[in-house]
Amino acid sequence: MQLKSKVDVLLGLQWGDEGKGKVVDVLTPRYDVIARFQGGPNAGHTLEFNGMKHVLHIIPSGIFHPDKLNVIGNGVLIEPAILSQEVEALRGRQVDATRNLYISKKAHLILPSHRLLDAANEQAKGNAKIGSTLKGIGPAYTDKIARTGLRVGDTLEFDFGEKYELLKLQHLQMVQTLGFDTASFRIDGMTLEDYERRWMESLQLLRSFHLINSEYFINDCLRQGKRVLAEGAQGSMLDIDFGSYPFVTSSSTVTAGVCSGLGVAPSAIGRVMGITKAYCTRVGAGPFPTELFDDTGRRLCELGHEYGATTGRSRRCGWIDLPALRYACMLNGVTDLIVTKPDVMNDFEEVLMCDSYEIGGRCTDELPFEFNAVEITPRWVSYPGWKQSLAGIDSYSRLPQPLLRYLEAIEQAVQTPVMAVSTSPDRKDVLFK
Ligand code: IMP
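## Considering the sheet that holds strand β15 (residues 336-340)
Part 1 of the argument: Ordered in space as β9-β7-β5-β2-β10-β1-β11-β15-β19-β20, the 10 strands form an open sheet in which the pairing is mixed. Of all strands in the sheet, those with a lone pairing partner are β9 (210-212) and β20 (430-432), marking the two edges. Between one strand axis and the next, the sheet turns through 25 degrees on average, direction left out of account.
Part 2 of the argument: Direction of pairing for strand β7 (residues 101-104) relative to β9: parallel, over a ladder of 3 bridges. Residue pairing for β9: S104 is matched across the bridge by I212.
Part 3 of the argument: With respect to the sheet, helix α1 (residues 20-27) is in contact with β1 (7-12), β2 (33-36), β10 (228-231), β11 (269-277), β15, β19 (418-422) and β20, its orientation differing from that of β1 by roughly 155 degrees.

Structure, rendered in structure tokens:
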């Protein structure tokens, strides 16, 4: 099949929260279609412009551009009540999402009982909790793989209610086996029954969207030469296969996920833009070799406002981890790097990078299989800080010399060019090289 254009990809190279929402919003004018390919309401993509801040969970970050089309692909999980809240919040900003958002009929649904099961599973793990966002992601993807899930297209069928009740019953049985207290369980302060009512009501809104076979739609766009941007959620180090398993999310967060989550061939992938913070954060449990437990870590958290956009939890902070970044670039075939939040380190005397790991007295660049079990000592390289504000700097070449050297060091370490740097949360502060 002759395609006139390819799908460009934008995804996170760390443990999520790299600033994808903002960058997609900035890149959107270059594209015709913005498509989400995996994840669900566990994501929180923050956009800031004209003094306004907005967080999106399921809806692609191109929604603020009325002339662009947004697609939720088959690889995404939809929680109808959360989608409905998001649509309402957008209405409050004079954005009508039903106009330019298309949804795949093959996208799977998160039921209220998936959220119950998520909470029960986490509780049953005791000290081994993953730190899930508790949006039902794990249980809903489990049903998808087990071939017991319900999809958006199923809501149009006459027997949807029956199928729903059957699946819910299975979930309730599992929850009972786990000894979880269902009676005191609340979602947004509501009992399961009350929340279920809201969830059912929101199906009406879901059905009012353009429900499509998004794989045909996206490939038609490519045949016509339309420019498509695939927007990733979470980050490569949370990938179900390559992340720090089991402390991961349940989807393919890497470029390969674009093919299965949108229905495009590997040969239809164009540029792969990978986002990394100038330092590193992680929310939830799991290994984090460069984590700082000292004042510097606390400063990164405070200055970077490192609190989860979905759960409000404070993020763990540390220096940039080059072995992990190289790994992510390799897995994704990153062609361009985008570095966010160097401004958080404006006052630092020195900034460190972890260049390699020391494990059992041996130096290595490879993330070990036993990532969760072995003690990893980072080998640091120090760079002088830039000790100045980046506010008002309007071109890449005018960035302070020490920061330019720091960025060059990242480029060399991962053998990938930096395409742009973001120097504030505002959409206007993205400096292209
Ligand atoms: P779940 O995907 O909600 O089950 O969460 C699994 C793990 O991924 C937890 O450690 C979460 O904190 C983390 N996680 C999920 N989504 C995001 C995200 O969008 N940003 C950062 N971490 C995330």
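Let's pick the thread back up.
## Some words on the environment of V7
Part 1 of the argument: Among the structural elements, V7 can be located in strand β1.
Part 2 of the argument: We classify V7 as buried; its relative accessible area is 0%.
Part 3 of the argument: Separated by 265 residues in sequence, V7 and V272 have C-alpha atoms that sit 8.9 Å apart.
Part 4 of the argument: When residues no more than four places from it in sequence are discounted, the contact partners of V7 are I218, L222, V228, A230, V258, V264, A268, I269, G270 and R271.

## Re the packing of helix α2 (residues 80-91) against helix α7 (residues 192-208)
Part 1 of the argument: Across the interface, α2 lies against α7 with an axial gap of 8 Å and an inter-helix angle of 65 degrees. Here α2 runs over α7; the crossing is left-handed. Note on element contacts: α7 touches α2 through Y195, R198, W199, S202, L203, L205 and L206, opposite P80, A81, I82, L83, S84, Q85, V87 and R91.
Part 2 of the argument: Residue classes in the contact of α2 with α7 are distributed as 10 nonpolar, 3 polar and 2 charged.

## A look at the environment of T340
Part 1 of the argument: Secondary-structure assignment places T340 in strand β15.
Part 2 of the argument: Overall, the relative accessible area of 2% leaves T340 in the buried class.
Part 3 of the argument: Here the alpha-carbon distance between T340 and E18, two residues 322 residues apart in the chain, equals 6.9 Å.
Part 4 of the argument: Aside from chain neighbours lying at most four places away, what touches T340 is E18, V23, I275, T276, K277, A278 and S422.
Part 5 of the argument: At 2.7 Å, the side chain of T340 and the backbone oxygen of E18 are in polar contact.

Cut-offs and rules
The numbering scheme is per chain: residues are counted from 1 as the chain's sequence reads. Whole-chain, interface and lining totals are the exception, using all residues; otherwise, since this is a predicted model, local features are given only for residues with pLDDT of at least 70 and side-chain atom pairs are given and counted only at 80 or more. Calculation of side-chain values draws on the structure's entire complement of heavy atoms; hydrogens and water are dropped beforehand. Whether two strands pair depends on DSSP finding at least two bridges between them. We count a stretch as a helix when DSSP gives it H or I for four or more residues in a row; a strand needs E for two or more, and each element gets its number in order from the N terminus. A fitted line through C-alpha atoms serves as each axis, taken over the contacting stretch for helices, and the angle formed by two N-to-C directions is quoted from 0 to 180°. The criterion used for residue contact is that any of the two residues' heavy atoms lie within 4.5 Å. With a 1.4 Å probe rolled over the protein chains alone, any residue whose accessible area is under 20% of its type maximum counts as buried; one over 50% counts as exposed, and the rest are partly exposed. Each helix crossing is assigned a hand: it is left-handed if the near helix lies turned anticlockwise from the far helix by less than a right angle, otherwise right-handed if that turn is clockwise. Here the term charged refers only to Asp, Glu, Lys and Arg, the term nonpolar to Ala, Val, Leu, Ile, Met, Phe, Trp, Tyr, Cys and Pro, and the term polar to all other amino acids, Gly among them. Nitrogen and oxygen atoms within 3.5 Å of one another constitute a polar contact, given that in protein one can donate a hydrogen and the other can accept it, and given that sequence-neighbouring residues count only through two side-chain atoms.

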